[in-house]
Every structure is written in structure tokens, then in C-alpha cells.
Amino acid sequence: MKKIVLPLVLFAFLFACSTAYLFVMNNKNAIQLHYYEGIENVQIPEIIHNKDLQYITALSTEGKLFHPTMVDVINQNGIEQATHGVSSKLIFYYSELNCNSCVEIIIKEIENFRDSIGSDNIVYLSDYKRIRDMQIFKRINHISSEIYNISSLNIPLEKMHVPLLFVLDNDKRIRSVFIPNKEDIKTIKLYLSTIKMKHFD
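Residues numbered from 1 in each chain as written. Predicted model: local features only at pLDDT ≥ 70, side-chain atom pairs only at ≥ 80, totals over all residues. Heavy atoms only, no water.

Quick question: what am I supposed to make of the nonpolar core here?
Looking at soluble globular proteins, one finds that nonpolar side chains tend to be buried together. With 24 residues, the main nonpolar core has Leu90, Phe92 and Ile110 as its most contacted residues. When neighbours within four sequence positions are excluded, Leu90 is seen to be in contact with Ile110, Ile117, Asn121, Ile122, Val123, Leu165, Phe166, Tyr191, Leu192, Ile195 and Phe200. Among the nonpolar cores identified, the runner-up in size contains 20 residues, and Met70, Ile91, Tyr148 and Phe166 belong to it. (Core = buried A, V, L, I, M, F, W, Y, C linked by side-chain atoms within 4.5 Å. Buried < 20%, exposed > 50% of the residue type's maximum accessible area, 1.4 Å probe, protein only. Contact = heavy atoms within 4.5 Å.)

This is the structure:
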């Protein structure tokens with residue numbers, strides 16, 4: 001009897017694990033799709049891994065008022081001027097502590113969309129401690145836009161310490177939050193193409 005029960009218990013355990021894994025993966029895909037199609041009713045999984053937590057935190061940022069903490073009046077005035085107007089803005093935020101290669105790859109893809117999105121509609125934000133480091137980074141990566149320095153974005157995603165893209169709408173609210181991954185260039189292109197059609201056509 002024990003010989004029969006043991007394989008059945010093992011089978012049940014493996015089946016439960018595989019079902020839980022598929023549940024998380026399916027829900028993660030639904031959450032990722034939210035960035036592209038604006039889905040509002042997303043099922044949040046009970047089992048959350050690190051990557052899933054990033055996606056869920058991104059969802060909690062959707063619709064929040066853009067209210068960063070500034071480092072000085074110069075940067076505050078610069079951001080206010082850059083985000084002023086009736087058109088939406090594509091915002092790319094990264095920390096100087098993020099890996100340079102990750103940020104460079106993302107910026108390269110953004111710059112490829114500069115003409116179609118519009119130079120005035122792209123805004124870079126970061127948290128450089130030394131202005132010279134920012135100037136060197138701009139020169140190496142051929143960035144024509146200003147990079148505005150902030151102390152904090154004041155959103156939950158900041159605690160994840162990851163670069164992020166989002167659209168700032170006319171009401172200064174954060175929309176279409178996306179966490180880019182340098183290993184997935186195809187998805188970065190898809191995101192940029194989608195928000196271009198949705199917000200900048």
C-alpha cells in the first residue's frame with residue numbers, strides 16, 4: 001500500500017507546483033500586457049516572485065500624480081518647462097547606480113524613436129551626484145536632450161532600483177509604466193512603438 005501511496009503523493013506535489021508556476025506566468029503576462037493595451041482589471045497572483053513584484057509595483061504607480069523631489073531650483077524650472085504644454089511626454093528615469101550598459105541600450109532605443117515621438121516630447125531624469133558625470137554620460141551616448149537631476153520620483157517603483165519608462169499625460173499623471181530589460185530589446189521596441197501610436201501620433 002505504501003508503495004502505491006508514495007508515487008501518488010509525489011505526483012500530486014509535482015502537479016501542484018507546476019500549476020502554481022503556470023498561474024504566476026499567465027498572470028505576469030497579463031500584467032505585462034497592461035502596459036501595451038491599458039488593461040485595467042488585471043488578476044494579481046497570490047504567489048509573487050521578484051520580477052512579478054516589479055510588475056505589480058508598476059501597476060500601483062499607474063495614474064499617480066507626477067511630483068518629484070528636486071535637487072535645486074534650476075532643475076525644477078527645467079522640468080516644469082520640459083513637461084509644459086498640451087502634448088504628453090515620454091519620461092525615462094534611471095539612477096547613476098544602474099549598470100551603464102543597461103541604461104545605454106535603453107537610451108539607444110529611445111533615440112531611434114526621437115523623430116517619430118518628437119524631440120520636445122522626450123525627457124530624461126536621473127539622480128547624479130556630480131554634474132560632470134552626467135555631462136560625460138551625455139557626450140558618450142550622444143544625448144541631445146537635457147538630463148534633469150532629481151532627488152526622488154516619490155513613487156513605489158523607485159525602491160526597486162530599476163530604470164523605468166512612462167508617459168506623463170496632460171494632467172501630469174503617470175501612465176503606461178514600463179520596466180525595460182536590456183536582454184529583451186524586442187519588448188522595448190514594442191513598448192516604444194505602442195506608446196508612439198497611442199500618445200504621439
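What is the right way to read helix α4 (residues 100–112) from this model?
An α-helix turns once every 3.6 residues. As a result, residues three or four positions apart point the same way. Between the first and last C-alpha of α4 there are 18 Å, a value that for 13 residues agrees with the 18 Å anticipated at 1.5 Å per step. Those residues of α4 that fall on the buried side of the exposure criterion are Cys102, Val103, Ile106, Ile107, Glu109, Ile110 and Glu111. (Helix = DSSP H or I, 4+ residues; strand = E, 2+ residues; numbered from the N terminus. Expected span 1.5 Å × (residues − 1).)

Looking at this structure, I do not really get the packing of aromatic side chains. What am I missing?
Under the counting rule described, the total for this entry stands at 7 aromatic pairs. Between Phe92 and Tyr94, the aromatic rings sit 5.5 Å apart at their centres with planes inclined by 25 degrees, giving stacked as the arrangement. Residues Phe92 and Tyr94 agree in their burial class; the two are buried. Ring plane angle 15 degrees and centroid distance 4.5 Å describe the contact between Phe178 and Tyr191, whose orientation is recorded as stacked. Residue Phe178 is found in strand β6 (residues 174–178), and its partner Tyr191 is found in helix α7 (residues 185–199); the two are separated by 13 residues along the sequence. A residue is classified by how much of its surface remains accessible, and Phe178, at 5% relative accessible area, is buried. Within the aromatic cluster, the residues linked to one another by ring pairs are Phe92, Tyr94, Tyr124, Tyr128 and Phe137. (Phe/Tyr/Trp six-rings, centres within 6.5 Å; stacked < 30°, edge-to-face > 60°.)

Please explain the pairing of strand β2 (residues 89–93) as it appears in this structure.
The side chains of a regular strand alternate, residue by residue, between the two faces of the sheet. β2 sits mainly inside the fold: 5 of its 5 residues count as buried. Here β2 shows two buried faces, one formed by Lys89, Ile91 and Tyr93 and the other by Leu90 and Phe92. Pairing analysis gives 4 bridges linking β2 to strand β3 (residues 122–126), with the strands arranged parallel. Across the sheet, the residue bridging to Phe92 is Tyr124, located in β3. (Pairing = 2+ DSSP bridges.)

Could you clarify how one ought to interpret the environment of Gly118 in this entry?
Topologically, Gly118 is positioned in the loop between α5 (114–117) and β3. Between the alpha carbons of Gly118 and Lys196 there is a distance of 9.6 Å; along the sequence they are 78 residues apart.

Quick question: what am I supposed to make of the pattern of salt bridges here?
Once their charged atoms are close, side chains differing in charge can pair, the charge on each being opposite to the other. One pass over the structure, following the stated rule, counts 5 salt bridges. Its salt-bridge partner being Arg114, residue Glu111 comes within 2.8 Å of it at the nearest N-O pair. As far as burial versus exposure is concerned, Glu111 and Arg114 are alike and both buried. (Salt bridge = Lys/Arg side-chain N within 4 Å of Asp/Glu carboxyl O.)

Even after reading the chapter, I still don't get the environment of Ile122, so can you show me in this structure?
Along the chain, Ile122 falls in strand β3. Ile122 sits 24 residues away from Glu146 along the chain, and the two C-alpha atoms are 9.4 Å apart. For Ile122, the residues in contact, after removing those within four places along its chain, are Leu90, Ile110, Arg114, Ile117 and Ser145.

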